[in-house]
Amino acid sequence: MNKSELISAIAQGSGLTKKNSEKALNAMLEAIATALSQGDKVQLVGFGTFETKNRSARMGRNPATGEPAQIPAARIPQFKAGKDLIEAVAE
């Protein structure tokens, strides 16, 4: 499912127009991104938790040349599925 298919599903399930469903989805995604960028955790009970994780610097290899390369430290987003989502997918 891509973003436009998700918007259509939201519109069908909620009775909103596709335009309003797109606005709602974009607002939700922006709110999650803003919270994560500020270091907050976003918990949606039953669905899952969005949070950030610090990845330390490490040595890697350039796949084209085989040369060693330094990979810098980074803060990355992470998602952990909730119990209800895990059970729904397992069925």
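Up top is the structure these notes are about.
Source: prediction; values computed, not measured.

Tallying each qualifying case throughout the model produces two aromatic pairs. When the ring of Phe47 is compared with that of Phe79, the centres are 5.6 Å apart and the planes differ by 50 degrees; the resulting orientation is tilted. Here Phe47 is found in the loop between strand E1 (42-44) and strand E2 (48-55), whereas its partner Phe79 is found in strand E5 (residues 74-81), with 32 residues between them in sequence. For Phe47, a relative accessible area of 40% gives the class partly exposed. Overall, Phe79 belongs to the partly exposed group, its relative accessible area being 35%. Note on Phe50 and Phe79: the rings are 4.8 Å apart at their centroids and 50 degrees apart in plane angle, and the pair reads as tilted. Highlighted residues: Phe50 in strand E2 and Phe79 in strand E5, separated in sequence by 29 residues. By way of ring pairs, the aromatic residues Phe47, Phe50 and Phe79 are connected into one cluster.

Across the sheet, three strands lie side by side as E1-E2-E5; this open sheet has antiparallel pairing. A strand with exactly one partner marks an edge of an open sheet, and here the two such strands are E1 and E5. Neighbouring strand axes in the sheet, compared pairwise and without regard to direction, differ in orientation by 30 degrees on average. Pairing of E1 with E2, which is carried by three bridges, proceeds in the antiparallel orientation. Opposite Val42, over in E2, you have Phe50 as the bridge partner. Helix H2 (residues 18-37) rests against E1, E2 and E5 of the sheet, and its axis sits at about 40 degrees to E2.

Calculation notes
Residues numbered from 1 in each chain as written. Predicted model: local features only at pLDDT ≥ 70, side-chain atom pairs only at ≥ 80, totals over all residues. Heavy atoms only, no water. Phe/Tyr/Trp six-rings, centres within 6.5 Å; stacked < 30°, edge-to-face > 60°. Helix = DSSP H or I, 4+ residues; strand = E, 2+ residues; numbered from the N terminus. Buried < 20%, exposed > 50% of the residue type's maximum accessible area, 1.4 Å probe, protein only. Pairing = 2+ DSSP bridges. Axes fitted to C-alpha atoms, helices over the stretch in contact; angles between N-to-C directions. Contact = heavy atoms within 4.5 Å.

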